[in-house]
Amino acid sequence: MSPKTSTKTGGGASGGRVRELATPGRVVLLVIAVLALVFVFENTRQVKIRLLLPEVTVPLWIALAVMLVVGWLVGRYVTFGRRK
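Just so we're clear, the structure is a prediction, and the values are computed from it rather than from any experiment.

To continue, consider the overall build of the protein. Counting its secondary structure elements, the protein contains three helices and two strands. Ordering the α and β elements of the protein from the N terminus gives α-α-β-β-α. Considering the protein as a whole, with its 84 residues, one finds that 8% of them fall into the buried category. On the protein, roughly 7,800 Å² of surface is accessible, and the fraction owed to carbon and sulfur atoms is 70%.

See below:
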């Protein structure tokens, strides 16, 4: 086989590039990002949250996102000591 012949078939250089960019992990990440956007746009109504004394009015998606971050931080704090 001469150095100029190639064993690749069809698609050319751009076909390999698309396969390289569209890895399964990136596809899953894209689907999660789209679902997150749908979640945000579906949960834009205002909700009242009472924090001991003050009452705060925020969009539902912000309240849920804050609770997600708080839960993640608590989980990190609890498991931090176990890594030794």
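A few words now on the environment of Asn-43. Relative to the helices and strands, Asn-43 resides in the loop between helix H2 (24-42) and strand E1 (46-50). In this structure Asn-43 comes out as buried when scored by relative accessible area, which is 18%. Spatially, the C-alpha atoms of Asn-43 and Trp-61 are 5.4 Å apart, while their sequence positions differ by 18 residues. Not counting residues up to four positions away in its chain, the partners in contact with Asn-43 are Leu-60 and Trp-61. In this structure the side chain of Asn-43 is engaged in a polar contact, spanning 2.8 Å, whose partner is the backbone oxygen of Phe-39.

Alignment of E1 against strand E2 (residues 55-59), held across five bridges, turns out to be antiparallel. Residue pairing in the sheet places Val-47 in a bridge with Val-58 of E2. Taking the residues that link successive antiparallel strands as the turn, the E1-E2 hairpin has four residues, and the phi of Leu-52 there is positive, at about 55°.

Next up on the list: unusual backbone geometry. You will see that Leu-52, though not glycine, has its phi angle at about 55°, which is positive. Tracing the backbone through its elements, the reader meets Leu-52 in the loop between E1 and E2. A residue is classified by how much of its surface remains accessible, and Leu-52, at 79% relative accessible area, is exposed.

Parameters and conventions
- Residues numbered from 1 in each chain as written.
- Predicted model: local features only at pLDDT ≥ 70, side-chain atom pairs only at ≥ 80, totals over all residues.
- Heavy atoms only, no water.
- Helix = DSSP H or I, 4+ residues; strand = E, 2+ residues; numbered from the N terminus.
- Buried < 20%, exposed > 50% of the residue type's maximum accessible area, 1.4 Å probe, protein only.
- Areas by Shrake-Rupley, 256 points an atom, 1.4 Å probe, with all protein chains shown as cover.
- Contact = heavy atoms within 4.5 Å.
- Polar contact = N/O pair within 3.5 Å; in protein donor to acceptor, adjacent residues only side chain to side chain.
- Pairing = 2+ DSSP bridges.

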